[in-house]
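Close look at the chain arrangement
For reference, the chains in residue letters:
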Amino acid sequence: MSEEDRGEGQGGAAYRRLLEEIRAGRLAAGDRLRETELAERLGVSRTPVREAIRQLEADGLVTHVPRQGASVRGLDYAEVMELYEMRAVLEGTAARLAARAASEIEIDELATLNEELVRAGATPQAYDLNRQFHAALLDAAKNRFLTRSIQGLQKALMILGPTTLTAPERAERAVEEHRAVLDALIARDGVRAEAAMRAHIEAAQRVRVRAVRAKAPPLDDGDML
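These figures come from a predicted structure and were not determined experimentally. (Residues numbered from 1 in each chain as written. Predicted model: local features only at pLDDT ≥ 70, side-chain atom pairs only at ≥ 80, totals over all residues. Heavy atoms only, no water.)

1. Observations regarding helix α2 (residues 10-24)
The end-to-end C-alpha distance of α2, which contains 15 residues, comes to 21 Å, matching closely the 21 Å that a straight helix rising 1.5 Å per residue would cover. Looking at α2, one finds that the buried residues are Gly11, Ala13, Ala14, Tyr15, Leu18, Leu19, Glu21, Ile22 and Arg23. Count one or two residues on from α2 and you reach glycine 25, which has phi positive near 85°. (Helix = DSSP H or I, 4+ residues; strand = E, 2+ residues; numbered from the N terminus. Expected span 1.5 Å × (residues − 1). Buried < 20%, exposed > 50% of the residue type's maximum accessible area, 1.4 Å probe, protein only.)

Here is the structure:
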C-alpha cells in the first residue's frame with residue numbers, strides 16, 4: 001500500500017480503489033466481493049475492506065445477496081432510463097448556469113479538454129477526458145447544491161461500467177455534441193446550452209439502452225404472447 005493510501009486511512013483507501021475498479025469495469029454488476037480475496041489483493045487486512053464494502057453499500061453500489069454475501073449491484077432497464085433522465089435534467093441545468101457564470105478561462109479549458117478528446121479517439125483515455133469535461137462544466141456552473149446532486153448520480157452510473165466513448169462512432173459524435181454546448185456557452189445562451197447538453201446526455205442514453213437490451217436474456221415464446 002502506498003504512503004498516500006496509508007495517509008487517508010486504509011478503509012478510505014480500500015473504498016477509493018474499489019470505487020475505481022467499479023468505474024473501470026474491472027468489478028462488474030453481479031461480481032461477488034469476498035473480503036479475504038480483496039484484502040489480499042489490496043494488501044490490507046479484512047477490516048478496512050469490510051469498511052469499504054459498507055460504504056459502497058451506502059452509496060447504492062453494492063448489495064447483499066442471501067447465502068452469497070456482498071456483490072456489485074446491477075441496474076435494470078427502468079433504473080437506467082431513470083438515471084439518464086435525471087442526468088439530462090441536472091447536467092442540462094449545469095450547462096444553463098455555466099452560460100451565465102463561466103469565466104473565459106473556464107470556457108477555454110473546456111474547449112482544450114474537448115480538443116484533447118478529439119486526439120484521444122476511442123481509447124480508455126477518452127473516459128478521463130470526458131469526465132474532466134463534465135466536471136469542469138459543473139465547476140463553471142458554480143452551484144454547490146447542484147454539484148452534490150450530480151456527484152451522487154454519477155456514483156450510481158458507475159455500475160454501468162466503462163464509458164460509451166470506446167465506440168469510435170460514439171466518440172466522434174460526443175465531441176461534436178460538446179462543441180454545440182461550447183458554442184452556446186461562448187454565446188452566453190443558457191437556453192441553447194441546456195438544450196445541447198440534454199441532447200448530448202440523451203445520445204449517450206440511447207447507446208446505454210442498446211447495451212442493456214443486448215445483455216438481457218432472450219424472451220421465452222410465452223413472453224412474446
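2. Some thoughts on the packing of aromatic side chains
Scanning all chains against the criterion turns up zero aromatic pairs. In this structure, arginine 148 is placed above the aromatic ring of phenylalanine 145, and the distance from its NZ or CZ to the ring centre is 5.2 Å. (Phe/Tyr/Trp six-rings, centres within 6.5 Å; stacked < 30°, edge-to-face > 60°. Lys NZ or Arg CZ within 6 Å of the ring centre and 35° of its normal.)

3. Here's the deal with the side chain of arginine 87
Position of arginine 87 relative to the elements: it lies in helix α5 (residues 77-101). Other than its neighbours up to four places away in sequence, arginine 87 contacts Gly92, His134, Leu153, Leu157 and Ile201. (Contact = heavy atoms within 4.5 Å.)

4. Some details on the pairing of strand β2 (residues 69-72)
Relative to β2, strand β1 (residues 62-65) is paired through four bridges, and the arrangement is antiparallel. Looking at the pairing, histidine 64 lines up with alanine 70 of β2. Between β1 and the antiparallel strand that follows it, β2, lie three residues; arginine 67 among them carries a positive phi value of about 70°. (Pairing = 2+ DSSP bridges.)

5. Focus: helix α3 (residues 35-42)
All of the buried residues along α3 are Glu35, Leu38, Ala39 and Leu42. Each buried residue of α3 sits inside an arc of 100° when the element is viewed along its axis, so together they form one side. Tucked into the core, α3 has its buried residues touching α2 and α4 (46-58). Count one or two residues on from α3 and you reach glycine 43, which has phi positive near 75°. (Arc of directions from axis to C-beta.)

6. Remarks on the confidence of the model for the chain
On average, residues of the chain carry a pLDDT of 86, and 89% of them reach 70 or more. Within the chain, the element-level pLDDT minimum falls on helix α1 (residues 3-7), averaging 42, and the maximum on helix α6 (residues 104-120), averaging 96. A low-confidence stretch, residues 1-7 (pLDDT under 50), is modelled with eleven contacts involving residues beyond four sequence positions or located in other chains. In the model, residues 218-225 has pLDDT below 50 throughout and makes one contact with residues more than four positions away in sequence or in other chains. (pLDDT = per-residue confidence, 0-100.)

7. Quick word on the packing of α3 against α4
The geometry of a pair of packed helices is captured by two quantities: the angle between their axes and the separation between those axes. The geometry of α3 relative to α4 is characterised by a closest axis approach of 9 Å and an angle of 110° between their N-to-C directions. In terms of orientation, α3 lies roughly perpendicular with respect to α4. At the point where α3 passes α4, the crossing takes the right-handed sense. Contacts between α3 and α4 involve Glu35, Thr36, Leu38, Ala39 and Leu42 from the first element and Arg46, Val49, Arg50 and Ile53 from the second. In terms of residue class, the contact of α3 with α4 is built from five nonpolar, one polar and three charged. (Axes fitted to C-alpha atoms, helices over the stretch in contact; angles between N-to-C directions. Parallel < 35°, antiparallel > 145°, perpendicular 65-115°, else oblique. Left-handed = near helix turned anticlockwise from the far one by under 90°. Nonpolar A, V, L, I, M, F, W, Y, C, P; charged D, E, K, R; others polar.)

8. Considering the packing of α6 against helix α7 (residues 124-141)
The N-to-C vectors of α6 and α7 enclose an angle of 165°; their axes lie 9 Å apart at closest approach. The pairing of α6 with α7 is recorded here as roughly antiparallel in orientation. The handedness of the crossing between α6 and α7 comes out as left-handed. Seen from α6, the contacting residues are Glu106, Leu110, Leu113, Asn114, Glu116, Leu117 and Ala120; seen from α7, they are Gln125, Ala126, Leu129, Asn130, Gln132, Phe133, Ala136, Leu137, Asp139 and Ala140.

9. Some words on the side chain of serine 71
Tracing the chain through its elements places serine 71 in strand β2. Aside from chain neighbours lying at most four places away, what touches serine 71 is Gly30, Asp31, Arg32, Leu33, Leu61, Val62, Thr63 and Val65.

10. Things to note about the nonpolar core
Counting 64 residues, the largest nonpolar core has Leu33, Leu56 and Leu185 as the members making the most contacts within it. Per-element tally for this core: the top contributor is α5, with ten residues. (Core = buried A, V, L, I, M, F, W, Y, C linked by side-chain atoms within 4.5 Å.)

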